[in-house]
Amino acid sequence: MTHANLPAHDWPVLEPGWVWLCGAGPGDPGLLTLHALNALRQADVVIYDALVQEQILDWAPQAQHIYAGKRGGKPSAKQRDISLHLVELARAGKRVLRLKGGDPFVFGRGGEEAQTLVQHDVPIRIIPGITAGIGGLAYAGVPVTHRDVNQSVTFVTGHDQSGNTPGSLDWNSISKGSQVIVIYMGMKHIAQIAGKLLAAGRPATEPVAVVTTATTDAQDVLETTLGTIVDDIAQAGLEPPAVICVGQAVLMRQVLDWQSMASGELPRNLDPLGRGRPAESA
Ligand code: SAH
């Protein structure tokens, strides 16, 4: 099918009674996918979270916009209400778009919502999005993998369902086995998390980047170390949402901070790892 304002392609049709669970990316509306745009154009109702930039709703002027934000890690009773609300809207014959920050299946409870919908026989489609731990760091000039730095990356959440540091995480193993660690929802418990990584042997000099409201106009980046992160966050007055990246990948920002370069600054260091020029071939 051809869609108004989208080039010819077999664009899926959002049928009445369906729910599409869709990632909105980390903030910048340009980081929406074309499937997200196609969904926004067709929805009767858009249910969106706190982390979805309101500008994005301008792509769905025809739809009813419902805010379903949870702030400060409030518990899951509310989550159940949201899922059941989606079921009700679908059963009422609406074309429902559930819009979530980043990627719906990355620390976003998209899996839980999808599960409830399937259990209630509501047909669904999943539209992935750019997750903050990858796209947000890219906007800060931090590549989550780089051949000279890491062959693996670990994504962790800084708090579990109870709002505490996840007890199920083996911080010792993460510290020893993960070259680069990307922490979501880590601000509240950063002192504990940094303490656990240090206790497990990560050096106090380990580079860390804290990127708040990544990809939006209010993006802020703090470069610090595991040993100084707590004081530096307090001193800079940084607030969530933030992704926190621990590891040598952070040093690449000295050469890849493309936003500062776009505003006229020179790279701080063309060879931050001190390994000479990158090899030409694999
Ligand atoms: N599904 C989302 C994550 C939801 S959990 C995703 O894939 O990105 C919420 C956490 O995501 C926040 O506490 C923060 O750690 C991170 N986050 C989401 N958007 C962000 C942004 N624009 N800047 C920094 N961190 C962000």
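Fair warning: this is a prediction, and the values are worked out from it, not measured in the lab.

Caption draft 1: Layout of the domain arrangement of the chain. Taken domain by domain, the chain consists of domain 1 (14-130) and domain 2 (133-262). Of note, the centres of domain 1 and domain 2, computed from C-alpha atoms alone, are 27 Å apart. Contact with domain 1, which involves 10 residues of that partner, is made by 13 residues of domain 2. Of the roughly 860 Å² buried between domain 1 and domain 2, counting both surfaces, carbon and sulfur atoms make up 69%. Broken down residue by residue, the surface that domain 1 buries against domain 2 is led by Pro26, Asp28 and Phe107, which jointly contribute 50%. Linking domain 1 with domain 2 are zero salt bridges, by the criterion used here.

Caption draft 2: Region of the structure containing the site of the ligand. Inspection of the region around the ligand gives 18 residues, with Pro26, Val106, Thr131, Ala214 and Ala242 positioned closest. At 2.9 Å from a nitrogen atom of the ligand is found a main-chain nitrogen or oxygen belonging to glycine 101. Considered on its own, the ligand offers 540 Å² of accessible surface; in the complex 91% of this is hidden by protein. Of the residues contributing to the shell around the ligand, the split by class is 12 nonpolar, five polar and one charged.

Caption draft 3: Up close: the pairing of strand β4 (residues 96-100). By the criterion of burial, β4 is predominantly enclosed, with five of the five residues buried. Relative to β4, strand β1 (residues 19-23) runs parallel, the two sharing five bridges. The residue of β4 that forms the bridge with cysteine 22 is leucine 99. Inspection of the sheet shows strand β2 (residues 45-48) paired to β4 by four bridges, in the parallel sense. Looking at the pairing, valine 45 lines up with valine 96 of β4.

Caption draft 4: Representation of the sheet that holds β4 in the model. Overall, parallel pairing links the five strands, which are arranged β3-β2-β4-β1-β5 in an open sheet. Every interior strand has two partners, whereas the edge strands, β3 (64-67) and β5 (124-127), have only one. Averaged over all neighbouring strand pairs, the angle between strand axes comes to 20 degrees, with direction disregarded. Helix-sheet contacts for helix α1 (residues 34-42) involve β1, β2, β4 and β5, and the interaxial angle to β1 is about 135 degrees. In the packing of helix α3 (residues 110-119) onto the sheet, contacts are made with β1, β4 and β5, and the angle to β1 comes to roughly 175 degrees.

Caption draft 5: Local environment of a nonpolar patch on the surface. Together, Phe107, Ile134, Phe155 and Met185 line one region of the surface with nonpolar side chains, adding up to about 320 Å² of accessible area. Locating isoleucine 134 in the fold gives a position in helix α4 (residues 132-139). The exposure class of isoleucine 134 is partly exposed, given its relative accessible area of 41%.

Caption draft 6: Broad picture of the pairing of strand β10 (residues 242-246). Burial analysis of β10 places five of its five residues in the buried class, which makes it a mostly covered element. Taking every second residue as pointing to the same face, both faces of β10 are buried, with Ala242, Ile244 and Val246 on one and Val243 and Cys245 on the other. Inspection of the sheet shows strand β7 (residues 180-184) paired to β10 by three bridges, in the antiparallel sense. The residue bridging isoleucine 181 from the neighbouring strand is valine 246, located in β10. Where strand β8 (residues 207-212) meets β10, five bridges bridge the pair, whose relative direction is antiparallel. Each residue of the ladder has a partner; that of threonine 212, found in β10, is alanine 242.

Caption draft 7: Representation of the pattern of salt bridges in the model. Under the definition given, this model contains nine salt bridges. Two residues, glutamate 113 and lysine 100, come together in a salt bridge whose shortest N-O distance is 2.8 Å. Taken together, the residues glutamate 113 in helix α3 and lysine 100 in strand β4 connect sequence positions 13 residues apart. Looking at glutamate 113, the relative accessible area reads 0%, which means it is buried. Measuring nitrogen to oxygen at the nearest pair gives 2.5 Å for the salt bridge that ties glutamate 223 to arginine 253.

Caption draft 8: Structural context of the nonpolar core. The biggest cluster of nonpolar side chains holds 20 residues, and the ones touching the most others in it are Val210, Ile229, Ile233, Ile244 and Val246. Those elements giving two or more residues to this core turn out to be α5 (171-177), β7, α6 (190-199), β8, α7 (229-236) and β10. Of the residues forming this core, the biggest block, four residues, is contributed by α6.

Conventions we followed
Residues numbered from 1 in each chain as written. Predicted model: local features only at pLDDT ≥ 70, side-chain atom pairs only at ≥ 80, totals over all residues. Heavy atoms only, no water. Domains from an automatic or database assignment. Contact = heavy atoms within 4.5 Å. Buried area = accessible area lost by both parts, 1.4 Å probe. Salt bridge = Lys/Arg side-chain N within 4 Å of Asp/Glu carboxyl O. Near = heavy atom within 4 Å. Polar contact = N/O pair within 3.5 Å; in protein donor to acceptor, adjacent residues only side chain to side chain. Areas by Shrake-Rupley, 256 points an atom, 1.4 Å probe, with all protein chains shown as cover. Nonpolar A, V, L, I, M, F, W, Y, C, P; charged D, E, K, R; others polar. Buried < 20%, exposed > 50% of the residue type's maximum accessible area, 1.4 Å probe, protein only. Helix = DSSP H or I, 4+ residues; strand = E, 2+ residues; numbered from the N terminus. Pairing = 2+ DSSP bridges. Axes fitted to C-alpha atoms, helices over the stretch in contact; angles between N-to-C directions. Patch = residues over 30% accessible without salt bridge, like charges linked within 9 Å, V, L, I, M, F, W, Y side chains within 5 Å. Core = buried A, V, L, I, M, F, W, Y, C linked by side-chain atoms within 4.5 Å.

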